[in-house]
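# Architecture at a glance
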Amino acid sequence: MSLSVSIQSFILDIGPILLVSFSLSLFLFLNWYFAYDRIKQKKEKRLWLTRNMRSLVRYGDLMEQLEHLGQTTPVCKQCNDFKMQLWNHQHDELLVVRCRSCKINYTLTKDHSDCTRLILSNMEWAIELINILIKNRHKALGKFLIRKLALDPSCIKPGINPLEVFCFSAKKEDEFIIDPVFEIVLNEWEEVLPLGDYGIRTHVA
Ligand SMILES: [Zn+2]
């Protein structure tokens, strides 16, 4: 009985001290962990920027090319909206742009304009850049790039088409029927094939 009382008394005496010690240790550990993680993320960001500094310049160039593309692209012939986005590409030959309003796709051949050719040559790199952004969106690198490239953070999320991030305004007044611009609707199960200089057809794979 007296042993039980002395154990109970010991626990009552030492309990609060143990609780405070544990809380303090946990607090210090979490502080250390988050500080370490912050330092690690900043280091990763610095390393990426050192190796990919050219990417920021290249992004600026691509945005300029999109501005030029807008000058040679008519507004949507279905809904008259001028807001467009990149949607797909095939090698260095075909560039698919999409009306952001009614979602109709337009396919431009590389001969649509000089900037189309330049944009096509950047597509693989652009997709890779946006995938890096999506992967690191909650880390220092992703947050820095989203801010630096003036992107909407709510649009950078898994499952998006990386190319849809690249938007531009169509400013050409003519209708969307001039050669060599063709309208198609792309689905995942369709393949787009160029037919000579003036034709494109789709077929079910
Ligand atoms: Zn439209």
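For clarity, every value in this text was computed on a predicted model and none was experimentally measured. (Residues numbered from 1 in each chain as written. Predicted model: local features only at pLDDT ≥ 70, side-chain atom pairs only at ≥ 80, totals over all residues. Heavy atoms only, no water.)

Counting 39 residues, the largest nonpolar core has L69, L86 and F166 as the members making the most contacts within it. Excluding anything up to four places from it in sequence, F166 contacts Y59, L62, M63, L66, M84, Q85, L86, A126 and I130. (Core = buried A, V, L, I, M, F, W, Y, C linked by side-chain atoms within 4.5 Å. Buried < 20%, exposed > 50% of the residue type's maximum accessible area, 1.4 Å probe, protein only. Contact = heavy atoms within 4.5 Å.)

What follows concerns the side chain of N122. For N122, the location among the structural elements is in the loop between helix 2 (114-121) and helix 3 (123-135). Within the structure, the side chain of N122 is placed 3.4 Å from the side chain of Q65, a separation counted as a polar contact. (Helix = DSSP H or I, 4+ residues; strand = E, 2+ residues; numbered from the N terminus. Polar contact = N/O pair within 3.5 Å; in protein donor to acceptor, adjacent residues only side chain to side chain.)

Moving on, we come to the packing of aromatic side chains. Across all of its chains, the model carries one aromatic pair by this definition. Across the ring face of F82, the terminal group of K83 is positioned such that the distance to the ring centre comes to 5.2 Å. The ring of W87 has R98 sitting right over it, with the charged end atom 3.8 Å from the ring centre. (Phe/Tyr/Trp six-rings, centres within 6.5 Å; stacked < 30°, edge-to-face > 60°. Lys NZ or Arg CZ within 6 Å of the ring centre and 35° of its normal.)

On to unusual backbone geometry. With the exception of glycine, most residues fall at negative phi, and the peptide bonds are largely trans. In the Ramachandran plot, H91 falls in the positive-phi region, its phi being about 45° despite a non-glycine side chain. Along the polypeptide, H91 turns up in the loop between strand 1 (83-90) and strand 2 (94-99). Taking the relative accessible area as the measure of exposure, H91 reaches 62% and is therefore exposed.

This next bit is on the pattern of salt bridges. If you walk through the whole model with that rule in mind, you get five salt bridges. For D114, the salt bridge goes to R117, with nearest N and O atoms at 3.8 Å. Here D114 pairs with R117, and both are found in helix 2, just three residues apart, close to one helical turn. The exposure class assigned to R117 is partly exposed, which follows from its relative accessible area of 40%. Salt bridges sharing common partners tie together D111, D114 and R117. (Salt bridge = Lys/Arg side-chain N within 4 Å of Asp/Glu carboxyl O.)

A separate point is the layout of surface pockets. Computed from the structure, the largest pocket encloses a volume of approximately 270 Å³. Of the residues contributing to the lining of the largest pocket, the split by class is 10 nonpolar, one polar and three charged. If you add up the space inside the second largest pocket, you get close to 150 Å³. Lining the second largest pocket are E44, W48, N131, I132, K135, N136, K139 and L141. Counting only elements with at least two residues in the lining of the second largest pocket, the list comes to helix 1 (2-71) and helix 3. Of the residues contributing to the lining of the second largest pocket, the split by class is three nonpolar, two polar and three charged. (1 Å grid on protein atoms, 1.4 Å probe; cavity = no way out; pocket = protein on both sides within 12 Å on 5 of 7 lines; lining within 4 Å. Points joined across faces, edges and corners; volume = space filled by probe spheres on them. Nonpolar A, V, L, I, M, F, W, Y, C, P; charged D, E, K, R; others polar.)

This part takes up the coordination of the zinc ion. Metal coordination angles have textbook ideals: 109.5 degrees for a tetrahedral set of four donors and 90 or 180 degrees for an octahedral set of six. Coordination of the zinc ion by the protein involves C76 (SG), C79 (SG), C99 (SG) and C102 (SG), with metal-donor separations of 2.3 Å. Considering all four donor atoms around the zinc ion, angles at the metal cover 99 to 116° and the coordination shape is tetrahedral. Along the chain, the residues donating to the zinc ion fall in the pattern C-x2-C-x19-C-x2-C. Its relative accessible area of 0% is what places C99 among the buried residues. Judged by relative accessible area, which is 25%, C102 ranks as partly exposed. (Donors = N, O, S within 2.8 Å, 3.2 Å for Na, K, Ca; no water. Tetrahedral: all angles 85-135°; square planar, octahedral: opposite > 155°, others 65-115°.)

Turning our attention to a positive patch on the surface. On the surface, a cluster of positive charge is contributed by R38, K42, K43 and R46. Here K42 is to be found in helix 1. (Patch = residues over 30% accessible without salt bridge, like charges linked within 9 Å, V, L, I, M, F, W, Y side chains within 5 Å. Areas by Shrake-Rupley, 256 points an atom, 1.4 Å probe, with all protein chains shown as cover. Lys, Arg positive; Asp, Glu negative; His and termini not counted. Charge placed at Lys NZ, Arg CZ, Asp CG, Glu CD.)

Another point: the confidence of the model for the protein chain. Per-residue pLDDT for the protein chain has a mean of 80; in total, 83% of the residues score no lower than 70. Confidence scores differ between elements of the protein chain, with strand 7 (residues 199-204) showing the lowest mean pLDDT of 38 and strand 4 (residues 167-169) the highest of 94. (pLDDT = per-residue confidence, 0-100.)

Attention shifts here to the state of the cysteines. Tallying each qualifying case throughout the model produces zero disulfides. Considering cysteine sulfurs only, C167 is the nearest to C155, which forms no disulfide, with 7.5 Å between them. Judged by relative accessible area, C155 falls into the partly exposed class, the value being 40%. (Disulfide = S-S within 2.5 Å.)

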